[in-house]
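What follows is each chain in one-letter form.
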Amino acid sequence: EPVATTVDNPASSVVAYSGTWAALTGDTSNPPKFYAGTRMSSSTVGSYVDFTFTGNGARIYGSKHSDYGKLSVSIDGGAPMVVDCYDTGLNWQYMAKLYEITGLASGTHTLRATIATKTAAATANNISIDCFQSLVGGSPVASADYQFGTSTATYASTDSDAGSTAGSMAFGAGITAGGISTTS
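This one's a predicted model, so the numbers in the text were calculated from it and none came from an experiment.

The rules behind each value
- Residues numbered from 1 in each chain as written.
- Predicted model: local features only at pLDDT ≥ 70, side-chain atom pairs only at ≥ 80, totals over all residues.
- Heavy atoms only, no water.
- Salt bridge = Lys/Arg side-chain N within 4 Å of Asp/Glu carboxyl O.
- Helix = DSSP H or I, 4+ residues; strand = E, 2+ residues; numbered from the N terminus.
- Buried < 20%, exposed > 50% of the residue type's maximum accessible area, 1.4 Å probe, protein only.
- Patch = residues over 30% accessible without salt bridge, like charges linked within 9 Å, V, L, I, M, F, W, Y side chains within 5 Å.
- Areas by Shrake-Rupley, 256 points an atom, 1.4 Å probe, with all protein chains shown as cover.
- Polar contact = N/O pair within 3.5 Å; in protein donor to acceptor, adjacent residues only side chain to side chain.
- Core = buried A, V, L, I, M, F, W, Y, C linked by side-chain atoms within 4.5 Å.
- pLDDT = per-residue confidence, 0-100.
- Contact = heavy atoms within 4.5 Å.
- Phe/Tyr/Trp six-rings, centres within 6.5 Å; stacked < 30°, edge-to-face > 60°.
- Pairing = 2+ DSSP bridges.

Some remarks on the pattern of salt bridges
Piece 1. According to the stated counting rule, one finds four salt bridges in the structure shown.
Piece 2. The partner of Arg59 in a salt bridge is Glu1, with the nearest N and O atoms 3.2 Å apart. Remark: Glu1 occurs in the segment before β1 (3-8) and Arg59 occurs in strand β6 (residues 57-64); sequence separation between them is 58 residues.
Piece 3. Residue classification places Arg59 among the buried positions, given a relative accessible area of 7%.
Piece 4. One salt bridge in this structure joins Asp50 and Arg112, with 2.7 Å as the shortest N-O distance. Here Asp50, found in strand β5 (residues 48-55), pairs with Arg112, found in strand β10 (residues 107-116); they are 62 residues apart in sequence, far enough to count as distant.
Piece 5. Given the relative accessible area of 32%, Arg112 is considered partly exposed.
Piece 6. Each of Glu1, Arg59, Lys97 and Glu100 takes part in salt bridges that share partners, so that together they form one network.

Next up, the structure:
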């Protein structure tokens, strides 16, 4: 398990927003629904957030619901992966792990999460970013609902939250498996 350092969502020296975002505060739930009681929300396609971190991986936490859209996530300007924040359930998912990647070369990286067009089933295109984590150490992991921007992608999956075991999968263009799909 990697060592995680949590960074809250407000703009800072390592978190920068572009486009239309709203800072939502005042979560007084017990326990809180949002890390530090805050989140950043938007529904504007093309708005993005950059998270600059030092380590070999990163995570994004946020919300999932039936009126939530998609994020296109890239690392260091590489091929984007689309993360679907839509959930068919009637209950909100708060502090949900939306994205995780490890196995990067150790160093400073920039993660960019851009609001993408929602799935047809979603009733709106909302996105809420709760917090980020920079990761050091651990085994290679890729977990989320990804749409790889390259024609072939191989990754190792060891998502202990989902109870899965270590393994690897290779996908060709246009193949979908377990919510993970590729496009060319």
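Some details on a nonpolar patch on the surface
Piece 1. Among the surface-exposed residues, Tyr35, Trp92, Tyr94 and Met95 lie close enough to one another that they form a single nonpolar patch of about 350 Å² accessible area.
Piece 2. Here Trp92 shows up in the loop between β8 (81-84) and β9 (93-101).

Some words on the side chain of Glu100
Piece 1. By the secondary structure assignment, Glu100 is in strand β9.
Piece 2. You can call Glu100 buried: its relative accessible area is 3%.
Piece 3. Among the polar contacts made by the side chain of Glu100, one reaches the side chain of Lys97 at a distance of 2.8 Å.

Side note on the nonpolar core
Piece 1. Residues Phe51, Ile60, Leu71, Val73, Tyr99 and Leu111 are the most contacted members of the largest nonpolar core, which totals 27 residues.
Piece 2. If you list the elements that add at least two residues to this core, you get β5, β6, β7 (70-75), β8, β9, β10 and β11 (127-136).
Piece 3. Per-element accounting of this core gives the leading share, four residues, to β9.

Some details on the confidence of the model for the chain
Piece 1. With 76% of its residues at a pLDDT of 70 or more, the chain has an overall mean of 78.
Piece 2. When mean pLDDT is compared element by element in the chain, β10 scores highest at 98, while strand β15 (residues 167-171) scores lowest at 30.
Piece 3. Scored below 50 in pLDDT, residues 145-184 makes 83 contacts in the model with residues more than four places away or belonging to other chains.

Overview of the packing of aromatic side chains
Piece 1. Overall, the coordinates contain six aromatic pairs when judged by the stated rule.
Piece 2. Centroid distance Phe34 to Tyr94: 5.3 Å. Interplanar angle 85°. Geometry classified as edge-to-face. Placement of Phe34 in the loop between β3 (22-24) and β4 (39-42) and of Tyr94 in strand β9 is noted, with a sequence separation of 60 residues between them.
Piece 3. Ring geometry for Trp92 versus Tyr94: centroids 6.0 Å apart, planes at 10°, classification stacked.
Piece 4. On the basis of relative accessibility, which here comes to 35%, the residue Trp92 falls in the partly exposed class.
Piece 5. Of the aromatic side chains, those joined through ring pairs into one cluster are Phe34, Tyr68, Trp92 and Tyr94.

A few points about the environment of Gly69
Piece 1. Here Gly69 is to be found in the loop between β6 and β7.
Piece 2. Considering only alpha carbons, one finds Gly69 and Ile127, 58 residues apart in sequence, at a separation of 6.2 Å.
Piece 3. Discounting residues that sit within four places of it in the chain, Gly69 has contacts with Val83, Asp84, Cys85, Tyr86, Lys118, Ala124, Asn125, Asn126 and Ile127.

Observations concerning the pairing of β7
Piece 1. Most of β7 is tucked away: six of the six residues are buried.
Piece 2. Going residue by residue along β7, you find Lys70, Ser72 and Ser74 tucked away on one face and Leu71, Val73 and Ile75 tucked away on the opposite face as well.
Piece 3. Here β7 folds back onto β8, and the loop between the two strands holds five residues, one of which, Asp76, carries a positive phi near 55°.
Piece 4. Inspection of the sheet shows β7 paired to β10 by six bridges, in the antiparallel sense. From the neighbouring strand, Ile75 faces β10, where its bridge partner is Leu111.

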